[in-house]
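A structural walkthrough
Below are the chains, spelled out letter by letter.
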Amino acid sequence: MHPALQGLLTIVIGVGACVGYFWASNQALDRFIFPARGPNAGRNINRANLVRPWLFLFPALFALTLYLAYPVFETLRLSLTDRDQGGAFVGFANYRQMMGEAKFWEAMGNNMLWLIVVPAMSTAFGLLAAQLTDRIAWGNIAKSLIFMPMAISFVGASVIWKLVYDARPADAEQIGILNALYIWFGGTDPQQWLTIPFWNNFFLMVVLIWIQTGFAMVILSAALRGIPEETVEAAIVDGAGPFQIFFKIKVPQIMPTIMVVWTTITLVVLKIFDIVFAMTNGQWGTQVLANYMFDKLFRANDWGVGSASAIVIMLLVTPILVWNVRQARKEMR
């Protein structure tokens, strides 16, 4: 079957199934379960109205249970078993083994480094871009260009930046922009940037910062436009300069939005996998937790330690996610 026809057929069947479910469930509710007839018609209508919202929620709840809740509990169960022993319960042995491996602590250390650098730089650059693009005539064009990397997949962005870091032999023309500039400024031998210990982590972080800056810019630009003009005008009348207006008037007023952007990017960082996998595959000291989990699950076929590392990632993500939801609810009040 042609892919376009297959996609169209999938949409038709999916939408048709949803419409059919809602029609059939409401008919069953109104005609058979709580029929609106007889001496109890009024009570049945009230009961049906209480049940009806759950009919609409059921598909979403079922999908969440099937694709989110069940995998969490199954992953937790697998983290307490050993495949080599036929799935026997081994308690926290997998966690002890994981914490005894140098690669796990390398991944933890790198993830912490990513957490410090990427959200801070992405938010800072996004805030700077939001402020500057609002002050120039072609600001919308600039915003479009800055936001454009958000449309690129992490793997696609990794391929682009891998070309930026590419190194050819010293006697060949350099196609990697970074090595071309390095040679132009007087460097002798082209550098294999992604193999330089410690610093290669920062070269990988640049890719995610490049992608997330556009996201931060869009959200913070909307927040900046929501600042009452009266406060800015009052500051100008009092003799405040541009930097004072920005840091003492504007930034404090959009601090809740800044924190939401910061934590949202933090969640992305904690789950980072694609960039590391595509550019270094965790070699040369660039291992991160998600890549470590992938190695254990699909390369070492060790579901115990792999699942244990997945639980660690979930435990790191959960508090930030809960805080983010609470902040969003406060903003909606």
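Located above this text is the structure these notes cover.
Computed from a predicted structure; not experimentally measured. (Residues numbered from 1 in each chain as written. Predicted model: local features only at pLDDT ≥ 70, side-chain atom pairs only at ≥ 80, totals over all residues. Heavy atoms only, no water.)

1. Re the overall build of the protein chain
Threshold: Per the convention used, a helix needs a DSSP run of H or I reaching at least four residues, while a strand needs a run of E reaching at least two, with both numbered from the N terminus. Accessibility here uses a 1.4 Å probe with only protein chains present; expressed as a share of the type maximum, an area under 20% marks a residue as buried, one over 50% as exposed, and anything in between as partly exposed. Contacts: residue pairs with any heavy atoms within 4.5 Å of one another. All accessible-area figures derive from a Shrake-Rupley calculation using a 1.4 Å probe, and residue coverage is judged against the displayed protein chains alone. In this charge count, Lys and Arg are treated as positive and Asp and Glu as negative; neither His nor the chain ends contribute. Charge placement uses NZ in Lys and CZ in Arg. For Asp and Glu, CG and CD serve respectively.
When you go through the protein chain residue by residue, the secondary structure sums to 14 helices and two strands. In the protein chain, which comprises 333 residues, the proportion classed as buried is 36%. Restricting the contact set of the protein chain to residue pairs at least 6 apart, pairs at least 24 apart contribute 65%. Surface accessibility of the protein chain: about 20,000 Å² in total, with carbon and sulfur atoms responsible for 70%. For the protein chain, the separation between the mean place of its 23 positive charges and that of its 19 negative charges on side chains is 15 Å.

2. Focus on the pattern of salt bridges
Our working rule: Each reported salt bridge corresponds to a side-chain nitrogen of Lys or Arg within 4 Å of a carboxyl oxygen of Asp or Glu.
Under the defined criterion, the tally for this structure stands at six salt bridges. Between Arg 77 and Glu 74 there is a salt bridge, with the nearest N and O atoms lying 2.7 Å from each other. Here Glu 74 and Arg 77 lie together in helix H2 (residues 41-78), a separation of three residues that amounts to about one turn. With a relative accessible area of 42%, Arg 77 lands in the partly exposed category. Under the relative-accessibility criterion, Glu 74 is labelled partly exposed at 21%. For Asp 166, the salt bridge is made with Arg 168, and the minimal N-O distance between the two is 3.5 Å.

By themselves, these are just geometric observations and shouldn't be taken as functional.
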